[in-house]
Amino acid sequence: MSTASLYRRFLPSPPAIDFASVEGKRIFNEALQKGTMEGFFRLISYFQTQSEPAYCGLASLSMVLNSLSIDPGRKWKGPWRWFDESMLECCEPLEIVKDKGITFGKVVCLAHSSGAKVQAFRTTQSTIHDFRKYVFKCSTSDNCHMISTYHRGVFKQTGTGHFSPIGGYNAERDMALILDVARFKYPPHWVPLNLLWDAMNSIDQSTGRHRGFMLISRPHREPGLLYTLSCKDESWTSIAKYLKEDVPLLVSSQHVDTIERILDVVFKSLPSNFNQFIRWMAEIRRTEDINQNLSSEEESRLDLKQELLKQVQETELFKHVEKFLFSVGYEDNKAYVLAKAGSQGSEILSETESDESCCPETCVKCIKGVGEDKVKAYPSGNDVFTALLLALPPQTWSGIKDQSLLQEMKQLISMVSFPTLLQQEVLHLRRQLQLLKRCQENKEDEDLSAPA
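First things first, this report covers the structure right here in the doc. Since the model is a prediction, treat every value here as computed from it, not as a measurement. (Residues numbered from 1 in each chain as written. Predicted model: local features only at pLDDT ≥ 70, side-chain atom pairs only at ≥ 80, totals over all residues. Heavy atoms only, no water.)

### Comments concerning the overall build of the protein
- Regarding its fold elements, the protein presents 16 helices and 13 strands.
- The proportion of buried residues among the 452 residues of the protein is 55%.
- Of the contacts formed within the protein by residues at least 6 apart in sequence, a portion of 69% connects residues at least 24 apart.
- Accessible area of the protein: about 20,400 Å², with a carbon and sulfur share of 51%. (Helix = DSSP H or I, 4+ residues; strand = E, 2+ residues; numbered from the N terminus. Buried < 20%, exposed > 50% of the residue type's maximum accessible area, 1.4 Å probe, protein only. Contact = heavy atoms within 4.5 Å. Areas by Shrake-Rupley, 256 points an atom, 1.4 Å probe, with all protein chains shown as cover.)

Written out as structure tokens, the structure reads:
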């Protein structure tokens, strides 16, 4: 049965006031004079319309991440790195979001996983007075933006649950500006803050929990310079179970007396789809066109990546991994999967690439920039495996029965002696691993905070 087409909706006013109306402009000018529209200009520069009717959460988040100039570290289209709704699927498959929308907890998880600094509150965890203070805080800063999830019905609008960024605040009138990402439906509009609170103070029927708001700001450093985790591939479910549940059991149940034996136990039982997961885990930030002159900013970024890679390769764990992978015939010009460690290993590494047709996402590359004498080396299988092992929780190895070996393993994964840059990279991976596991277990709505 065909559905009648729609062209926009009439904005019920009151309670909302159209941003572009005479009154809306007056409210804006008043707020501008009082300094509570500072965040507006960055947000409006990246204002977007959600590309699907149920993508309001994804559109709101990508808009905020871009306005904060957070580098996703991976390509959107062509050579450009840019946050887009299509890239925000590590906490919920896009097919599900398109069909059912997304919960508050999963949007918070996405914000954390994307590297932003996030504070999230349900209305049961805050008060309208605290909310007002947070709105004021974000409205007077261009380094803090708020996303609200609310029920449209309170504003006499059609539809139910919705996400949109808050673009500004008029303190004298106590009104907030909603930059509605469903621009095909309603324009940006001012609403009384107490009504916005009431709209948030409603229950999402899909989770049985109250809606709320989140404050998103830029981190001190770009997260994930070299590596990032992703559940974009469907292999994530089995891989997460293997890493978080099976590996600790395997280590505790096997007789291991050397570090190489531990690595053998870990890698010989890899799930057959591990190669697909490792491709995403090693979503390397690399130069896409070596014939282009790099900007000073990109050159600095590559130098930082090079330093981080050097730090990974200087760890004692890397030396053990390198030795072990060499002993089983691993070659760096093959996919990031162990080749011959155990009965299943030979089946796992099935993609051998020649020098002429190597996969740019999974093969080691030495790239010399135009006009440069220095060579940029990019991650190989050895350091990717090392980073993945470091990202596992320390308790993963607590079942090792040999106490001297247990102490040696603890020393290898201890970050106390690591340089700050490497510490930050490993902590980012550990947080991502915990966040994605939280989503896999459908526990993201129980805890909105970032992993410790």
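Let's pick the thread back up.
### What about the nonpolar core?
- Of all hydrophobic cores here, the largest spans 48 residues; its most connected members are Leu-58, Leu-61, Leu-110, Trp-190, Met-214 and Ile-216.
- Top contributing element to this core by residue count: helix α3 (residues 56-67), with seven residues.
- Contact partners of Leu-61, with chain neighbours within four places excluded, come to Leu-88, Val-107, Leu-110, Ala-111, Ile-147 and Ile-216.
- Of all hydrophobic cores here, the second largest spans 46 residues; its members include Val-265, Val-328, Leu-390 and Ile-400. (Core = buried A, V, L, I, M, F, W, Y, C linked by side-chain atoms within 4.5 Å.)

### Details of helix α15 (residues 403-413)
- Those residues of α15 that sit buried are Leu-405, Leu-406, Met-409, Leu-412 and Ile-413. Across the axial projection of α15, the buried residues extend over an arc of 120 degrees, all falling on one side. Among the exposed residues of α15, those oriented more than 90 degrees off its buried face are Ser-404 and Gln-411. (Arc of directions from axis to C-beta.)

### Thoughts on helix α16 (residues 420-440)
- A rise of 1.5 Å per residue sets the reference length of α16, with its 21 residues, at 30 Å; its end C-alpha atoms lie 30 Å apart and thus fit the reference within 8%.
- Phi turns positive one or two residues past the end of α16, at Asn-442, with a value near 55 degrees. (Expected span 1.5 Å × (residues − 1).)

### Focus on a nonpolar patch on the surface
- A contiguous nonpolar patch, built from Leu-32, Phe-41 and Ile-44 and spanning about 220 Å² of accessible area, is present on the exposed surface.
- Position of Ile-44 relative to the elements: it lies in helix α2 (residues 38-45).
- Relative accessible area serves as the criterion here: at 32%, Ile-44 is assigned to the partly exposed category. (Patch = residues over 30% accessible without salt bridge, like charges linked within 9 Å, V, L, I, M, F, W, Y side chains within 5 Å. Salt bridge = Lys/Arg side-chain N within 4 Å of Asp/Glu carboxyl O.)

### Points about the packing of aromatic side chains
- With the rule as written, the count across this model stands at 13 aromatic pairs.
- Taken together, Phe-121, Phe-131, Tyr-134, Trp-197 and Phe-213 form an aromatic cluster joined through their ring pairs.
- The ring of Phe-47 carries the charged tip of Arg-183 above its face, separated from the ring centre by 4.4 Å. (Phe/Tyr/Trp six-rings, centres within 6.5 Å; stacked < 30°, edge-to-face > 60°. Lys NZ or Arg CZ within 6 Å of the ring centre and 35° of its normal.)

### Quick word on the layout of surface pockets
- Quantified by volume, the second largest pocket comes out at close to 660 Å³.
- In this structure, the second largest pocket is lined by 32 residues; those nearest its centre are Lys-100, Gly-101, Ile-102, Gly-161 and Asp-204.
- Elements supplying a minimum of two residues to the lining of the second largest pocket: α4 (94-100), α5 (104-113) and β6 (161-170).
- With three residues, the top contributor of residues to the lining of the second largest pocket is β6.
- Across the lining of the second largest pocket, the residue classes break down as nine nonpolar, 12 polar and 11 charged. (1 Å grid on protein atoms, 1.4 Å probe; cavity = no way out; pocket = protein on both sides within 12 Å on 5 of 7 lines; lining within 4 Å. Points joined across faces, edges and corners; volume = space filled by probe spheres on them. Nonpolar A, V, L, I, M, F, W, Y, C, P; charged D, E, K, R; others polar.)

### Quick notes on the packing of helix α6 (residues 128-139) against helix α7 (residues 193-200)
- Interaxial distance between α6 and α7 falls to 11 Å at its minimum, and their mutual angle equals 115 degrees. Our classification of the angle between α6 and α7 gives roughly perpendicular. In the crossing of α6 with α7, the sense of the turn from one axis to the other is right-handed. Contact residues: Ile-128, Phe-131, Arg-132 and Val-135 in α6; Leu-193, Asn-194, Leu-196, Trp-197 and Met-200 in α7.
- Counted by class, the contact of α6 with α7 contains seven nonpolar, one polar and one charged residues. (Axes fitted to C-alpha atoms, helices over the stretch in contact; angles between N-to-C directions. Parallel < 35°, antiparallel > 145°, perpendicular 65-115°, else oblique. Left-handed = near helix turned anticlockwise from the far one by under 90°.)

### Digging into unusual backbone geometry
- Residues Ser-13 and Pro-14 are joined by a peptide bond in cis, for which omega reads 0 degrees.
- Structurally, the position occupied by Pro-14 is in the segment before β1 (17-18).
- One non-glycine residue, Arg-8, lies in the positive phi region at around 60 degrees.
- With respect to the element layout, Arg-8 can be found in the segment before β1.
- The exposure class assigned to Arg-8 is partly exposed, which follows from its relative accessible area of 42%.
- Despite not being glycine, Asp-174 shows a phi value in the positive range, around 55 degrees.
- Checked against the element boundaries, Asp-174 lands in the loop between β6 and β7 (175-178).

### Looking at the environment of Pro-219
- By the element assignment, Pro-219 lies in the loop between β11 (212-217) and α8 (236-253).
- Residue classification places Pro-219 among the buried positions, given a relative accessible area of 18%.
- Distance in space between the C-alpha atoms of Pro-219 and Asn-143 is 9.8 Å, their sequence separation being 76 residues.
- When sequence neighbours within four positions are dropped, the list of residues in contact with Pro-219 reads Ile-70, Gly-115 and Ala-116.

### Re the pattern of salt bridges
- One pass over the full model with this rule turns up 16 salt bridges.
- Two residues, Arg-173 and Glu-30, come together in a salt bridge whose shortest N-O distance is 2.9 Å. Taken as a pair, Arg-173 in the loop between β6 and β7 and Glu-30 in helix α1 (residues 22-33) lie far apart in primary sequence, 143 residues in all.
- Residue classification places Arg-173 among the partly exposed positions, given a relative accessible area of 30%.
- Given the relative accessible area of 26%, Glu-30 is considered partly exposed.
- As a salt-bridge pair, Arg-122 and Asp-445 come within 2.9 Å of each other at their nearest N and O atoms. In this pair, Arg-122 is assigned in strand β4 (residues 117-122) and Asp-445 in the segment after α16, connecting sequence segments 323 residues apart.

### What about the pairing of strand β5 (residues 144-151)?
- Summarising burial for β5: seven of the eight residues are buried, a large majority.
- Bridge count for β5 against β11 is five bridges, and the pairing is antiparallel. Bridge assignment links Ile-147 to a residue of β11, and that residue is Met-214. (Pairing = 2+ DSSP bridges.)

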